[in-house]
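Fold and contact review
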Amino acid sequence: QVQLVESGGGSVQTGGSLRLSCAASGRTFSSYTMAWFRQAPGKEREFVAAISRSGGTTAYADSVKGRFTISRDNAQNTVYLQMNSLKPEDTAVYFCAAERTIGQVVLTTPALYHYWGQGTQVTVSS
């Protein structure tokens, strides 16, 4: 089992940057595929980015490609989301998710993840 705690959210203007962090408990972090999802008010939770166990495979939503970068540090039990060129439509609560997997897979569907953090608010103003 793993517990996830996000940090790094905040308020920025259009074009700004933020770096989200997700710290995981436990000693088997490298056994988990990790991902970021987001949920805006009145909308469903949507996939943002995912990274495989070793970090060698990543996936991004089309809406964030070229602007966001997901990475992980297995020694520090942490996954990151670097967000650049932020837009007002990026405003949402951002959630970290984890799922124990075999191999270097990335998962983009929320229902496939068993473990979730509490979320961190990101607000982008125009």
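Everything here concerns the structure above.
The structure reproduced in this document is the subject of the present report. Keep in mind the model is a prediction, meaning the values are calculated, not measured.

Here's the deal with the overall build of the protein
Each helix and strand in the protein was counted, giving zero helices and 11 strands. Along the protein, helices and strands appear, N-terminal first, in the series β-β-β-β-β-β-β-β-β-β-β. Computed over C-alpha atoms, the radius of gyration of the protein comes to 13 Å, within 12% of the 14 Å expected from 2.2 N^0.38 for 126 residues, which places it in the range of a compact globule. Reported as C-alpha extents along the three principal axes, the dimensions of the protein are approximately 40 × 25 × 25 Å. Taking as baseline every contact in the protein between residues at least 6 positions apart, the subset at least 24 positions apart corresponds to 61%. Accessible surface, the protein: about 6,300 Å² in total, of which carbon and sulfur atoms supply 46%. Side chains of the protein carry 11 positive and 8 negative charges; the gap between the two charge centres is 6 Å.

Thoughts on the environment of Leu18
Looking at where Leu18 falls in the secondary structure, it is placed in strand 3 (residues 18-24). Judged by its relative accessible area of 13%, Leu18 falls in the buried class. Through-space distance from the C-alpha of Leu18 to that of Ser30 is 25 Å; in sequence the pair is 12 residues apart. If we ignore the near neighbours within four places in the chain, the residues touching Leu18 are Gly8, Gly10, Val12, Leu81, Gln82, Met83, Leu86 and Val122.

Describing the pattern of salt bridges
Scanning the entire structure with this criterion turns up four salt bridges. Among the ionic pairs, Glu46 bridges to Arg38, the shortest N-O distance being 2.6 Å. A residue is classified by how much of its surface remains accessible, and Glu46, at 35% relative accessible area, is partly exposed. A salt bridge links Asp62 to Lys65; the shortest N-O distance between them is 3.3 Å.

Thoughts on the nonpolar core
In terms of nonpolar packing, the biggest core is built from 37 residues, with Met34, Trp36, Val79, Leu81, Met83 and Tyr94 touching the most fellow members. Elements that contribute at least two residues to this core include exactly strand 3, strand 4 (32-39), strand 5 (46-51), strand 7 (68-73), strand 8 (78-83), strand 9 (92-100) and strand 11 (120-125).

Examining the state of the cysteines
Counted under the stated rule, the structure contains one disulfide. Two residues, Cys22 and Cys96, share a disulfide whose sulfurs are 2.1 Å apart. Across the S-S bond of Cys22 and Cys96 the torsion is about -80°, and the bridge reads as left-handed. Of the two residues, Cys22 is situated in strand 3 and Cys96 in strand 9; the sequence distance between them amounts to 74 residues. Pair check on accessibility: Cys22 and Cys96 agree, each one buried.

About the thresholds
- Residues numbered from 1 in each chain as written.
- Predicted model: local features only at pLDDT ≥ 70, side-chain atom pairs only at ≥ 80, totals over all residues.
- Heavy atoms only, no water.
- Helix = DSSP H or I, 4+ residues; strand = E, 2+ residues; numbered from the N terminus.
- Rg over C-alpha atoms; globule rule 2.2 N^0.38 Å.
- Contact = heavy atoms within 4.5 Å.
- Areas by Shrake-Rupley, 256 points an atom, 1.4 Å probe, with all protein chains shown as cover.
- Lys, Arg positive; Asp, Glu negative; His and termini not counted.
- Charge placed at Lys NZ, Arg CZ, Asp CG, Glu CD.
- Buried < 20%, exposed > 50% of the residue type's maximum accessible area, 1.4 Å probe, protein only.
- Salt bridge = Lys/Arg side-chain N within 4 Å of Asp/Glu carboxyl O.
- Core = buried A, V, L, I, M, F, W, Y, C linked by side-chain atoms within 4.5 Å.
- Disulfide = S-S within 2.5 Å.

Interpretation in functional terms is not warranted from these geometric data alone.
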